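# Working through the structure, step by step
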Amino acid sequence: MPVAIKSISRSAFFDKLFSNNNLRAVSSLDEYTSPLNKAEVYHLLKRCCYSIDVSFANSLIGKTAREVVNLLINNATNRTIPAPPFDVNQGFRNPQLLPAEQYQDERNKNLTAHFAQNKQLIEWWIDLMRKDTKSLGEKVTFMWHSHFTTQYEGNEPISAQYMYRQNQLLRRQFLGDFKSFLEQITIDGAMLQYLNGSQNIKDAPNENYARELFELYSVGIGDGHYTEDDIREAAKVLTGWKATHFLEETEIYQPYLRVNQFSTDTKTVFDTEFVVDYEVNQTNVFKNSIQKLMQVTLDKKGEEVSRFIMGKMYRAFVYNNPDTDENETVKELAAYFRSNGFDTKKALIKLLTSQHFFDANNHGISIKSPLESFLNFTAHFDLSNEELRIALKDYGQELLNPPDVSGWKGYRSWVNTKSLPGFIESFTTILNSKSDLYVGEWASKLDNYNDAYGLTESLALLFFGRVPTESRLKKVENALLGGAPYYEWPEIAANKENAGIRVKVALRDMFKMPEFYLI
Amino acid sequence: MDRRSFIKNTSVGLGAVGQMRVGQMNLSSFDSLYQVDEENDNILVIVQLFGGNDGINTIIPHEWPDYYDRFRPRLHIPSDASIGFADPKLGIAMHPSLTNGVNEGMLGMYKNGKLSVIQGVGYQNPNLSHFRSTDIWFSGIVPYNDGQKLPTGWLGRYFDQYQNKELPESPYCIHVGESPLLLFQGENKESAILLEDPEELFDQGKSVESEKIELGEQSLFADEFNYINEVGVRINHFSKSIKEAFDRGSNREDYQADNLSNQMKLVARLIDGGLKTKVYSVSLGGFDTHAGQGALGGVHSQLLYQMSAAISSFQSDIEKLGHSSKVVGITVSEFGRRPYENASSGTDHGTANVMFAFGDEVKPEVFGSNVAFLPFFDAENLAYRYDFRSIYQEIMRTWFGASTFLSETVLGGKFALIDKVGFLKSTQPDASLPAEPVVPEINQDPKSPNNPYSPYSVTEQDKFTAFPNPTTDGKFVLSMILYVESDVAISQVDFKGREMGELLKKKNYRPGSYFLPLELRGGAGLHILHIKVGHRNHYVKVMKL
């Protein structure tokens, strides 16, 4: 790589020379069968939920990884999801069908509705994320949202009714057959609009979706993964589908095939011919074109797909460094995914119950996204859903609105010279808005409240990626004590208001510590 | 500033460089290495015009009837309003907004010898996506395909040369803005600090962890911990030198009260305060004028008005402050816009564009003459005359005093100087540099009445031209002009007449001009393309070196 030489500090240099402590997790995906201890439960919950429910966490200690992961999945499938607070079946008038002088007004009316309702939808989703403390449903849903990206605020704003339906699709597909996920997202209304699927017709094939289908949603970028011809031909395979939100047209929000816009040419994708030797109707085309395209993709490019998708899953749940795609665990996981019929549920269970996942060297290594750091913190120090939506937007992670089709860059891009002091300031402001008494009473419910060191450990369990070494934790304890000897803490703690003042000081110190931004 | 040394002087650096690749290009070996100049205090200011500036309405081809009649019937700048500035023979004029600002704005800068106008800057196989094209400009790499990742920026890689034993007093780069740019992303570190308000940064600098924490372990946790720790240390460290420079510096020129002017005012003050930062970037957005671009008085005019005011105040300020001999600036935009206006009174994403360079040390000339002389390379877009990396290379070699070896390392290759002479006064001609990009001779604009090959005006044989020819890697583009709808198939035979296989499966094309990216099979030598158009046969020779 270019001239860069990684800077190596003196002590790290000597560490490297004289010790063999380059700590890496075991790569094995074999099941971790020991009963989970507290740190392991917190590790698992932090990767599966946006915020921690302390009593739920405590109830899991001593269970096996398999038991807990099954519970987190079952809880996800058993949740009832309320409808968002707007008319999800509302249609819109097509401004282009109106006289010229009414065009702009009607268009503005539609856009205003799309923006306002998408904001409601984002806040609705944030609320679901906050309340989901006992399942991995929202983390998985968000993983798919950041994979099958759709921006409501694209070139042409997408109605919240579409975005809601896509969100429902992500929940419906959730974990299971990846092939059917690819089939369904291909004819999802928001996706048809976002990547011009609705404009993809036999006389003017639009390659936008076909390209992203391969590049971003299934096969991934790579030498020899697919050719421009594969994209061109796949676009023709996918011609004719449409969804509409305009009242003047057929059933709104229901994707359908325009039979006469479907290309009946013979196409060749991944060296496989797609012959239209059947009656062209929606059922046949779905089966012989879309389903077949996904089947061919998995048959011919299964290795690439499995590596790509498992790389994403690994980054979502273990370590978000994009360079991990090539690691042995991802390769092993990909092989497992392939040999288990591309079942994402089996793959995620395999990953989350593995020795690799629970290895202490994998605790606290992922960099928190704004979503993770804000929801983790505001589970204890409340912010309204609206304030959260705005904060996430400010930090570049507005839900339903990734920066472009390739999604959020993630990883280290979340912590930079602008955002880091911003986070410190935001969390300080939120904390300062709470009364000393409130903070004291909140702290008094934590484990080991009456022991200064024990209390700092509880705080670290909640907010840090991993509980740090004793010397690092002492720093927080010193802030908590504010010069008082540790044995006087119970006395200070007896007055919740005074305790609140001290806990605030400790937390403000914690905001500055790198561990706070790791998960 | 701490003494910084080039890594190239260390054996470890050479070893690392020797095996590297930038993009997918192999770098030449060490023999191109030559001694670098003494490190200097020169400063670069980059003005980003986000969205794709409409170069044709910035430097106007005002004696070109097509501009008014065909390309911009609604969006042209009226001839009597545009401002002639260069040799009248060129037939170009400035948008009147460029006279806005102190001393007649950017027009005044040209008159006073402080402005270069470089027409037709772009790159091969242009990408028309904002994101991708911005990434291409930032990375300084023209990818072979859309899939190639562009993880680092050219300035990030340039500043990767410095080993970060201790932080320098001043940051290498400052981006006046909110979000990190790929431009400054190096292999392992970012070379820029994000800055909006020095006072705020200073306060924030006090709020972060300011000490480097030694965890004493090598692990993934330590990698990420150290990364976050270093972000904090850098903010704390640099916030002090930035604040000091801000307090020490001043402005001596008035600026317009808008965002870009405020950004440039801050940059001038930091330079005056003695900050040793090498690169500053500022930005103005809103150039994506797909709809309602407007002619005089429209959105685009407003944007140019702001740009001219900001740049001219900055130049005057930096002159009055006595630093102008060491500061040059360039404007950068991800692409130009198409000559033909669209149906929504706007212009769509295009290709080659105008670029400005400013400062005491730039040549006050117009390079690349008039865009009217640039042919269309496809049915809608202008060919380019200068590769944007030529400008980056010249900045590194002439302005920063970098060796050719280093600039080649950063850019993955060598590039021609602008018109073989370069846009900076102190640039020396260099015969070892490759030739300039070839501007195609054929105008592919299908609607041009002056296009002798236009299917609208001529009936004749279909035309096929391969370029580059000879090709070094077997890749080439076949330009194809069809006058009748036909089935086209292309196969390859070698000079002995052996069939080498199919390069293009039979496919139906409507009349028009096309570019077909193709790749030769087989090794070096002369190859013959057998092009079947309906029942007619065409043969084109292509040489692979």
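For clarity, every value in this text was computed on a predicted model and none was experimentally measured. (Residues numbered from 1 in each chain as written. Chains lettered and ligands numbered in written order. Predicted model: local features only at pLDDT ≥ 70, side-chain atom pairs only at ≥ 80, totals over all residues.)

## Re the overall build of chain B
Let me state the cut-off plainly: Labels follow the DSSP assignment, with helices taken as runs of H or I lasting at least four residues and strands as runs of E lasting at least two, numbered in each case from the N terminus. Put simply, a residue is buried when 20 or more other C-beta atoms lie within 10 Å of its own C-beta and exposed when 12 or fewer do; between those, it is partly exposed, and each C-beta is set from the backbone. By the criterion used throughout, residues are in contact when their C-beta atoms, derived from the backbone, lie within 7 Å.
Of the regular secondary structure elements, chain B holds 11 helices and 22 strands. Relative to its 545 residues, chain B shows a buried fraction of 49%. Considering only contacts in chain B between residues 6 or more positions apart, those separated by 24 or more positions represent 70%.

## Overview of the overall build of chain A
Under the convention used in this document: As a reference, a globule follows 2.2 Å times the number of residues to the power 0.38, and the radius of gyration itself is taken over C-alpha atoms.
Per the secondary structure count, chain A includes 23 helices and 5 strands. Over its C-alpha atoms chain A spans a radius of gyration of 26 Å, differing by no more than 12% from the 24 Å that the globule rule assigns to 519 residues. Residues counted as buried form 46% of the 519 residues belonging to chain A. Restricting the contact set of chain A to residue pairs at least 6 apart, pairs at least 24 apart contribute 74%.

## Describing helix α12 (residues 282-317) of chain A
Selection rule: To estimate how far a helix should reach, multiply one less than its number of residues by 1.5 Å. Bend, in this description, refers to the angle at a residue between axes fitted to the seven residues ending there and the seven starting there.
End to end, α12 of chain A covers just 38 Å across 36 residues, shorter than the expected 52 Å (1.5 Å per residue, more than 12% under). The largest bend in α12 of chain A comes to about 95°, at Lys301 of chain A.

## Observations concerning unusual backbone geometry
Residues and elements named next belong to chain B. For the bond from Phe467 to Pro468, the omega torsion is -5°, close enough to zero to count as cis. You can see Pro468 is positioned in the loop between β16 (463-467) and β17 (475-482). Residue Pro470 is bonded to the preceding Asn469 through a cis peptide linkage, with omega at 10°. By the secondary structure assignment, Pro470 is in the loop between β16 and β17.

## A look at the sheet that holds strand β20 (residues 512-519) of chain B
Residues and elements named next belong to chain B. Selection criterion: Between any two strands, pairing holds if DSSP finds at least two bridges. Helix axes are fitted only over the stretch in contact, all axes being lines through C-alpha atoms; the angle between N-to-C directions runs from 0 to 180 degrees.
Spatially, 3 strands are ordered β16-β17-β20 in an open sheet, and the strand pairing comes out antiparallel. Each end of this open sheet is capped by a strand with a single partner; those strands are β16 and β20. Averaged over neighbouring strand pairs, the angle between their axes works out to 20° when direction is ignored.

## Observations regarding the domain arrangement of chain A
One frequent convention defines the size of an interface as the accessible area lost when the parts assemble. All names here are of chain A. We count it as follows: These domain boundaries are the output of an automatic or database domain assignment.
When cut into domains, chain A gives domain 1 (46-362) and domain 2 (370-517). The gap between the C-alpha centroids of domain 1 and domain 2 is 34 Å. Listed by partner, the interface residues are 24 residues for domain 1 and 21 residues for domain 2. Residue assignment for the side of domain 1 that touches domain 2 shows that the elements contributing at least two residues are α5 (100-131) and α10 (208-217). Ranked by residues supplied to the side of domain 1 that touches domain 2, first place goes to α5 with 10 residues.

## Quick look at the packing of α5 of chain A against helix α7 (residues 160-173) of chain A
Residue and element names in this part refer to chain A. As a reminder, the rule being used: Any angle that is under 35 degrees is reported as roughly parallel, and any over 145 degrees as roughly antiparallel; angles of 65 to 115 degrees are reported as roughly perpendicular and all others as oblique. Residue polarity follows a fixed list, in which Ala, Val, Leu, Ile, Met, Phe, Trp, Tyr, Cys and Pro are nonpolar, Asp, Glu, Lys and Arg are charged, and the others, Gly among them, are polar.
One way to put it is that α5 packs onto α7 with a least axis distance of 8 Å and a crossing angle of 25°. Relative to α7, the element α5 is oriented roughly parallel. Of the residues in α7, those in contact with His114, Gln117, Asn118, Gln120, Leu121 and Trp125 of α5 are Ala160, Met163, Tyr164 and Asn167. The residue makeup of the contact of α5 with α7, split by class, is 5 nonpolar, 5 polar and no charged.

## Thoughts on the nonpolar core
Residue and element names in this part refer to chain B. Keep this limit in mind: Think of a nonpolar core as buried Ala, Val, Leu, Ile, Met, Phe, Trp, Tyr and Cys residues, each tied to the set through C-beta atoms within 7 Å.
In this structure, Ile118 and Val267 are the most contacted members of the largest nonpolar core, which totals 254 residues. In contact with Val267, other than residues within four places in its own chain, are Val45, Val176, Tyr280 and Val282. Listed in part, the 13 residues of the second largest apolar core include Ala466, Met480, Ile531 and Val533.

## Notes on the domain arrangement of chain B
Entries for chain B in the domain assignment read domain 1 (7-195 + 256-269 + 276-420) and domain 2 (463-544). For domain 1 of chain B versus domain 2 of chain B, the separation of C-alpha centres amounts to 36 Å.

## Some details on the packing of helix α13 (residues 328-339) of chain A against helix α14 (residues 344-352) of chain A
Residues and elements named next belong to chain A. Put simply, the test is: A clockwise turn of the near helix away from the far one marks a right-handed crossing, whereas an anticlockwise turn of less than a right angle marks a left-handed crossing.
Between α13 and α14, the shortest axis-to-axis distance is 9 Å and the interhelical angle comes to 145°. Our pair here, α13 against α14, has a crossing hand that is right-handed. Residue-level contacts link Leu333, Tyr336 and Phe337 of α13 to Ala347, Lys350 and Leu351 of α14. In terms of residue class, the contact of α13 with α14 is built from 5 nonpolar, no polar and 1 charged.

## As for the sheet that holds strand β4 (residues 59-60) of chain B
Note on sheets: strands pair through backbone hydrogen bonds, and any given pair is parallel or antiparallel. Residues and elements named next belong to chain B. Read across the sheet, 3 strands follow the order β4-β6-β5 without closing on themselves; strand pairing throughout is antiparallel. The open sheet has two edge strands, β4 and β5 (83-84), and neither has a second partner. Note: β4 against strand β6 (residues 93-94), 2 bridges, orientation antiparallel. Bridge pairing links Ile59 to Met94 in β6.

## Re the environment of Asn236 of chain B
Residues and elements named next belong to chain B. Within the secondary structure layout, Asn236 lies in helix α7 (residues 220-248). Taking the C-alpha atoms as reference points, Asn236 and Gln492, separated by 256 residues in sequence, lie 63 Å from one another. Each residue touching Asn236, except ones within four places of it in the same chain, is listed here: Gly205, Val208 and Ser210.

## Observations concerning the pairing of strand β18 (residues 486-494) of chain B
The side chains of a regular strand alternate between both faces of the sheet. Residue and element names in this part refer to chain B. With 7 bridges connecting them, β18 and strand β19 (residues 499-509) associate as antiparallel partners. In the sheet register, Val488 faces β19, and the bridge partner there is Lys507. The turn joining β18 and β19, which pair antiparallel and follow one another in sequence, is formed by 4 residues; a positive phi near 90° is taken by Gly497. Summarising the sheet, β18 and strand β21 (residues 525-533) pair through 7 bridges and their orientation is antiparallel. Within β21, the residue paired with Asp494 across the bridge is His527.

## Let's talk about the confidence of the model for chain B
All names here are of chain B. What counts here: The predictor rates its confidence in each residue with pLDDT, a number between 0 and 100.
Taken over all residues, the pLDDT of chain B has a mean of 86, while the share at 70 or more is 89%. Overall, residues 453-460 carries pLDDT values under 50, and its contacts beyond four positions in sequence, including any with other chains, amount to 18 contacts. Here the predicted complex scores 0.78 on pTM and 0.93 on ipTM.

## A look at helix α4 (residues 130-139) of chain B
Residues and elements named next belong to chain B. For α4, the tally of buried residues reaches 7 of 10 residues, placing the bulk of the element in the interior. Every buried residue of α4 is accounted for by Ser133, Thr134, Asp135, Ile136, Trp137, Phe138 and Ser139. Residues of α4 that are buried make contact with α5 (154-159), β12 (327-332) and α10 (388-399).

## Some words on the environment of Asn103 of chain B
All names here are of chain B. Its location among the elements puts Asn103 in the loop between β6 and α3 (105-111). Look at Asn103 and you get partly exposed, because 18 C-beta atoms sit within 10 Å. In this structure the C-alpha to C-alpha distance between Asn103 and Glu199, which are 96 residues apart in sequence, comes to 31 Å. With residues near it in sequence (within four places) discarded, Asn103 still touches Gly108, Ser312 and Ser316.

## Remarks on the confidence of the model for chain A
Chain-level pLDDT for chain A is 93 on average; 96% of the residues reach the 70-or-more range. Counting contacts from residues 1-20 of chain A, a segment whose pLDDT is below 50, to residues more than four positions away or on other chains yields 38 contacts.

## Examining the environment of Leu352 of chain A
Residues and elements named next belong to chain A. Topologically, Leu352 is positioned in helix α14. Take Leu352: there are 24 C-beta atoms within 10 Å of it, and that puts it in the buried class. In sequence terms Leu352 and Ser218 are 134 residues apart; their C-alpha atoms lie 22 Å from each other. Residues within four places of Leu352 in sequence aside, it is in contact with Leu44, Ala65, Val69, Phe317 and Phe357.

## Considering the pairing of strand β3 (residues 43-49) of chain B
Residues and elements named next belong to chain B. Across the 7 residues of β3, 6 count as buried, placing the element largely inside the fold. Relative to β12, β3 runs parallel, the two being bridged by 6 bridges. Looking at β12, one finds that Ile46 is bridged to Ile330.

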